[in-house]
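Examining the three-dimensional arrangement
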Amino acid sequence: MQARASRRPSGIPSDPAVEPHSLGRCLFLHLAPGIANIAATVLGLAVFWNPALPPELFFGVFTNVFVLIPVQLGYLYYLARKRHNPGWSLEGIVVYDRPISWSRYLIWVPAILAPTAVIFVALEPITHRLEATLVGVSVFARYQAPALSEVAGIVLFANVVLSGILVPITEELYFRGYLLPRMPTRFGRLKPAAHSLLFAMYHFDTPWMIPVRTLGILPLIYATMHTHSVRPGIAAHCLVNLANFSESVSLRIGTQ
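What comes next concerns the included structure. Every chain is numbered on its own, with residues counted from 1 as its sequence reads. Predicted model: local features are reported for residues with pLDDT of at least 70 only, side-chain atom pairs are reported and counted for 80 or more only, and whole-chain, interface and lining totals are derived from all residues. Computation of side-chain values: all heavy atoms of the structure, hydrogens and water removed.

A look at the overall build of the protein
Labels follow the DSSP assignment, with helices taken as runs of H or I lasting at least four residues and strands as runs of E lasting at least two, numbered in each case from the N terminus. Helix and strand counts for the protein come out as 10 helices and zero strands. Listed by position from the N terminus, the elements making up the protein come as α-α-α-α-α-α-α-α-α-α. Buried means the residue's accessible area, taken with a 1.4 Å probe over protein chains only, is under 20% of the maximum for its type, while exposed means over 50%, and partly exposed covers the values in between. Each of the 256 residues in the protein was classed as buried or not, and the buried ones make up 46%. Restricting the contact set of the protein to residue pairs at least 6 apart, pairs at least 24 apart contribute 82%. The accessible surface values rely on the Shrake-Rupley method and a 1.4 Å probe; as for residues, cover is taken only from the protein chains in view. When the accessible surface of the protein is totalled, it reaches about 13,200 Å², and 69% of it is carbon and sulfur. Two residues qualify as a contact provided that any one of their heavy atoms is within 4.5 Å of a heavy atom in the partner residue.

Put into structure tokens, the structure is as follows:
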């Protein structure tokens with residue numbers, strides 16, 4: 001990415017080439033990666049499922065490597081090539097691309113994580129109730145993770161790298177860097193909330209988390225709009241996702 005030197009009002013891109021998407025295009029671009037991801041997951045489990053393998057091999061590794069990351073980054077670089085951007089530049093595609101100093105990371109990353117943690121903890125009872133209601137109809141319900149094994153350890157490591165680091169980077173570039181500044185004008189002041197809801201819905205494999213994700217991602221969205229940079233959001237998103245693996249990693253280390 002290449003940074004622009006000009007300052008912009010919060011949430012309003014200065015590049016005249018950045019036009020709001022239509023409602024239909026907005027919905028499609030937000031949800032299509034999730035649809036492709038869940039379709040590939042179901043197909044992978046149906047065709048290649050073996051009880052000796054952990055299901056995370058399919059919905060944590062297989063789909064991330066071959067679907068989720070390529071679909072989102074591929075589309076961004078497709079648009080960059082249409083603009084004749086040099087090399088790996090996403091100039092004009094990723095709008096919120098301003099570099100920030102390390103000192104500002106120390107301000108903005110905690111500013112994102114603190115309210116996000118409060119929201120997730122406060123809504124935990126609702127999330128658990130929804131999960132108990134919806135997990136029974138989940139397409140993944142019958143796939144149970146086997147006992148820990150060397151194969152599972154390798155899959156866990158790959159999943160940590162992919163879901164904990166590479167996927168958050170990809171999602172921030174695609175959702176916050178590309179889609180957020182192009183939200184349809186009809187949403188008005190509700191653009192951040194609409195974007196947050198669509199991002200939550202894009203996670204089709206965990207529908208019970210739509211309420212908590214919709215609210216929990218708002219601090220990251222507003223921080224991105226205020227700083228005109230996806231960088232604090234990338235750092236915070238990676239930390240949140242990596243924290244989700246802390247228990248699994250601890251169990252793995254404890255069995256060594």
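Continuing now.
Observations regarding helix α8 (residues 218–227)
Extensive coverage of α8 is indicated by the burial of eight of its 10 residues. Listing the buried residues of α8 in full gives L218, P219, L220, I221, A223, T224, M225 and T227. Looking one or two residues past α8, H228 carries a phi angle of roughly 60°, positive in sign.

Here we look at the environment of S103
Mapped onto the elements of the fold, S103 is located in helix α3 (residues 102–122). For S103, a relative accessible area of 46% translates into the label partly exposed. Of the polar contacts made by the side chain of S103, one reaches the side chain of S101; its length is 2.9 Å. Counted as a polar contact is a pair of N or O atoms within 3.5 Å, where, for protein atoms, one must be capable of donating a hydrogen and the other of accepting one, and residues adjacent in sequence contribute only when both atoms are in side chains.

A short note on helix α9 (residues 231–243)
Here the expected span of a helix is defined as 1.5 Å times the quantity of residues minus one. A rise of 1.5 Å per residue sets the reference length of α9, with its 13 residues, at 18 Å; its end C-alpha atoms lie 19 Å apart and thus fit the reference within 8%. All of the buried residues in α9 are R231, P232, G233, I234, A236, H237, C238 and N241.

Details of the packing of aromatic side chains
Each Phe, Tyr or Trp ring (for Trp, its six-membered ring) is paired with any other whose centre lies within 6.5 Å, and the angle between the two planes then decides the class: stacked below 30 degrees, edge-to-face above 60, tilted in between. Using the criterion set out here, one finds 11 aromatic pairs in the structure. Aromatic side chains F62 and F66 sit 5.5 Å apart centroid to centroid with 50° between the ring planes, which places their arrangement in the tilted category. Note that F62 and F66 are positioned in helix α2 (residues 56–82) at a spacing of four residues, about one turn of the helix. Owing to a relative accessible area of 28%, F62 belongs among the partly exposed residues under this scheme. Cluster of aromatic residues (ring-pair linked, three or more members): Y75, Y78, Y174, F175, Y178, F199 and Y202. Should the NZ of a Lys or the CZ of an Arg lie within 6 Å of a ring centre and within 35 degrees of the ring normal, that charge is described as sitting over the ring. When the ring centre of F199 is taken as origin, the NZ or CZ atom of R176, which lies over that ring, is 4.3 Å away.

Remarks on unusual backbone geometry
Unusually for a residue other than glycine, H84 sits at a positive phi of about 60°. Structurally, H84 can be placed in the loop between α2 and α3. The exposure class assigned to H84 is exposed, which follows from its relative accessible area of 70%.

Details of the packing of helix α1 (residues 23–48) against α2
Here, axes are lines fitted to C-alpha atoms. For helices the fit covers the stretch in contact, and angles between N-to-C directions go from 0 to 180 degrees. Between α1 and α2, the least distance of the axes is 9 Å, while the angle of their chain directions is 150°. One element, α1, and the other, α2, form an angle in the roughly antiparallel class. The two elements α1 and α2 cross, and the hand of that crossing is right-handed. Contacts between α1 and α2 involve R25, L29, P33, A36, N37, A40, T41, G44, L45 and F48 from the former and F58, F59, F62, T63, V67, L68, V71, Q72 and Y75 from the latter. Classification used: nonpolar for Ala, Val, Leu, Ile, Met, Phe, Trp, Tyr, Cys and Pro, charged for Asp, Glu, Lys and Arg, polar for all others including Gly. A class-by-class count of the residues in the contact of α1 with α2 yields 13 nonpolar, five polar and one charged. For this classification, under 35 degrees means roughly parallel, over 145 means roughly antiparallel, 65 to 115 means roughly perpendicular, and everything else is oblique. Crossing handedness is read from the near helix: turned anticlockwise from the far helix by less than a right angle, it gives a left-handed crossing, and turned clockwise, a right-handed one.

Quick look at the environment of I154
Along the chain, I154 falls in helix α5 (residues 150–179). Since its relative accessible area comes to 61%, I154 is described here as exposed. The spatial distance from the C-alpha of I154 to the C-alpha of L57 is 9.4 Å, given a sequence separation of 97 residues.

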